Amino acid sequence: MGLSSVTTVNEAIKFCIFDLKRGQHEGQELDKILFFFPTDLPFSEQLSVIGLSEGLITFTRIFSPEAACEVIEAEEHSHVFYEAEPDIWMVMIAEKSKESEAIWRIDALRGVLKEVHYLFMMFNGPIRALLDKEPAGGLIRSHLYTFIMDYLSDFLVGKKLQLPNFRDSLRERGTVQMLTIGREAAIEVQSLVRQIESSAGNTPCYSLILFQDLLVSTTLSPEDTINLFTYAVLRLSPRALPSAVSSWSYLRKGNVSSHAATGSISANSGAVLDQFYRSHNSSSAGDPGYNVARPLQPDKWTKGKDGFLVSGIWNTEAGSSTPTIPTILLQQTGERMYLCVFRHRNLTLILLIPVTSIPNGEQAISIVKQQILENASVKIDKVEEKLSKGWGGENAYHVSGYRYLLVDGDKNVSRASPPTKVTTLTKQAKTLQGVRIMATSELVWFKSLVFKLLGRLAEDELQSKDQFDDLLEPKQTHTQESLVALTKLREEVDLEKSRAKWDGPDQDKDLEISIRAKNNAWVIGRVTRGKELYMVLEKANETLLYASDAVENFSNRYCNGSFSLD
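As the structure is a prediction and not an experimental result, all values here were calculated from the model.

A. The arrangement of the overall build of the protein chain in detail. Helix and strand counts for the protein chain come out as 14 helices and 21 strands. Buried positions account for 52% of the 566 residues belonging to the protein chain. For the protein chain, the share of sequence-separated contacts (at least 6 apart) that also reach a separation of at least 24 residues comes to 63%. Summing over all exposed atoms, the protein chain offers an accessible surface of approximately 27100 Å²; the carbon and sulfur share of this is 51%.

B. Broad picture of the sheet that holds strand S13 (residues 336-344). If you trace the five strands from one edge of the open sheet to the other, you get S9-S8-S14-S13-S12, paired in antiparallel fashion. Two strands in the sheet have a free side with no partner beyond their single neighbour: strand S9 (214-218) and strand S12 (327-329). Ignoring which end each strand starts from, the neighbouring axes of this sheet average 30° apart. As paired elements, strand S8 (residues 206-211) and S9 share four bridges and run antiparallel to each other. For Leu210, the partnering residue across the bridge sits in S9 and is Leu215. Helix-sheet contacts for helix H2 (residues 106-124) involve S12 and S13, and the interaxial angle to S12 is about 120°.

C. Looking closely at the pairing of S13. Burial analysis of S13 places eight of its nine residues in the buried class, which makes it a mostly covered element. Pairing geometry for S12 and S13, over three bridges, is antiparallel. Bridge pairing links Ile328 to Met337 in S13. Between S12 and the antiparallel strand that follows it, S13, lie six residues; Gly334 among them carries a positive phi value of about 80°. Across eight bridges, S13 lies against strand S14 (residues 347-354) in antiparallel orientation. Each residue of the ladder has a partner; that of Tyr338, found in S14, is Ile353. Two successive antiparallel strands, S13 and S14, enclose a turn made up of two residues, where Arg345 displays a positive phi of approximately 55°.

D. Region of interest: the packing of H2 against helix H6 (residues 222-236). The geometry of H2 relative to H6 is characterised by a closest axis approach of 10 Å and an angle of 95° between their N-to-C directions. Considering the angle they form, H2 stands roughly perpendicular to H6. Only Asn227, Leu228, Thr230, Tyr231 and Leu234 of H6 make contact with H2, whose side of the interface consists of Glu115, Tyr118, Leu119, Met122 and Phe123. Across the contact of H2 with H6, the residue classes tally to seven nonpolar, two polar and one charged.

About the thresholds
- Residues numbered from 1 in each chain as written.
- Predicted model: local features only at pLDDT ≥ 70, side-chain atom pairs only at ≥ 80, totals over all residues.
- Heavy atoms only, no water.
- Helix = DSSP H or I, 4+ residues; strand = E, 2+ residues; numbered from the N terminus.
- Buried < 20%, exposed > 50% of the residue type's maximum accessible area, 1.4 Å probe, protein only.
- Contact = heavy atoms within 4.5 Å.
- Areas by Shrake-Rupley, 256 points an atom, 1.4 Å probe, with all protein chains shown as cover.
- Pairing = 2+ DSSP bridges.
- Axes fitted to C-alpha atoms, helices over the stretch in contact; angles between N-to-C directions.
- Parallel < 35°, antiparallel > 145°, perpendicular 65-115°, else oblique.
- Nonpolar A, V, L, I, M, F, W, Y, C, P; charged D, E, K, R; others polar.

The structure is reproduced here in structure tokens:
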């Protein structure tokens, strides 16, 4: 079993997938391990982590047979559990730290586990099905390692895995972000959808249209829309392609600084995987005999001359150098669908055609593409032009004075302040009692001067130079304080939602929480009838009444009064 790797990553985060049905006999314990990160951890430690997780699951099932533990908070670690499929568990163990980057929401970490599982199933099908196909486990391990490591490349900063933390508290994973369009544009989009889907003749098909990173139209089920939208934003949108220069996205995973280095991070991840296979070509995990596609491999989709996106990372037929047509699996129906993607400027059109309805896939798909170019090119250009004219740019959904997140849980839709506006909150002057904090070079000179002038008196007063450093250390920025407070607020909301779920599916209740942060900002959360609103008001007045009025004004103007208290 090739479960170890040459890569070295800090052990602040551990991520494993294991099957409770496997490895129940002495000497077969390793069989239950399907994936483990970091991969260079000794087997004994991997088994220790999984053994502890298995024990916690077994113990909590005594009190809750239908739903075992979701999170265990220990003194030094948070253990996050997710039962992806019956008896197949995904567990993330995050080390607690005094570093601000280690402040997270448990539901946000669980959202990562859910997302990677849904995406994996969209391309490979259920984990259990691959295990049944090859009980030895080599097939599923090969698929999981390549897929998850490519997925985690978006979170790697150097050799550190940086998962969603307090900086992401104004984002909601597992939702789509919609483009707001007028009636005339909506009619044009509907007409385009009919033309695109008719290009497949009498074959029933589905479509999804994006403008930039925002959803315009879909004919898929809500679950499949979320999965395909997530993949499109990650790898197919204008921002995701290698030639893209756009720097914004409502579904961005890390902070701005981490994404600035995505190219180098992804390249390093690819090298690690290649080295992993070379070093384990005699084992089941890295057996070159397994034909494993890597749909999440970064920067591998390119735009062809005809406007359709192509990729060489998909499976190739045996004995052929020609890539096969990309396919995905629909969650709702279980159908395998051909994936055809067309790009025109800021517009991305995705057409899904059932594999079973086309006997000669390669030739038939070529005909469909030609039909789209001949019949829908004019309409595509018209729709893109109309949407571009009505588009307000990356700050289109910015509301002056507010930093907000709006979530509609029933429709799985969210809208938030643009990331560029959230980061502008950090551009406040760092001061110490009204005095500007000096640059490093100035600080060294200033400290030297003080000690020369004050001599022993300064040393006795300050005890040590270390204490002097502490006095001049810039404290947590205003934004960090606001977003940390928001993270804690959302944790409280998550807890209340969990309690309501246990009370019954129809036990939704209205909820409002307001917190005054250390920087005097108001952090507010309101939940009502399946909708959630989170807000940071850093320039609010001293009173809660003023902040409450600001939320009321926002609700009436942008949410049709959904969060008004009247």
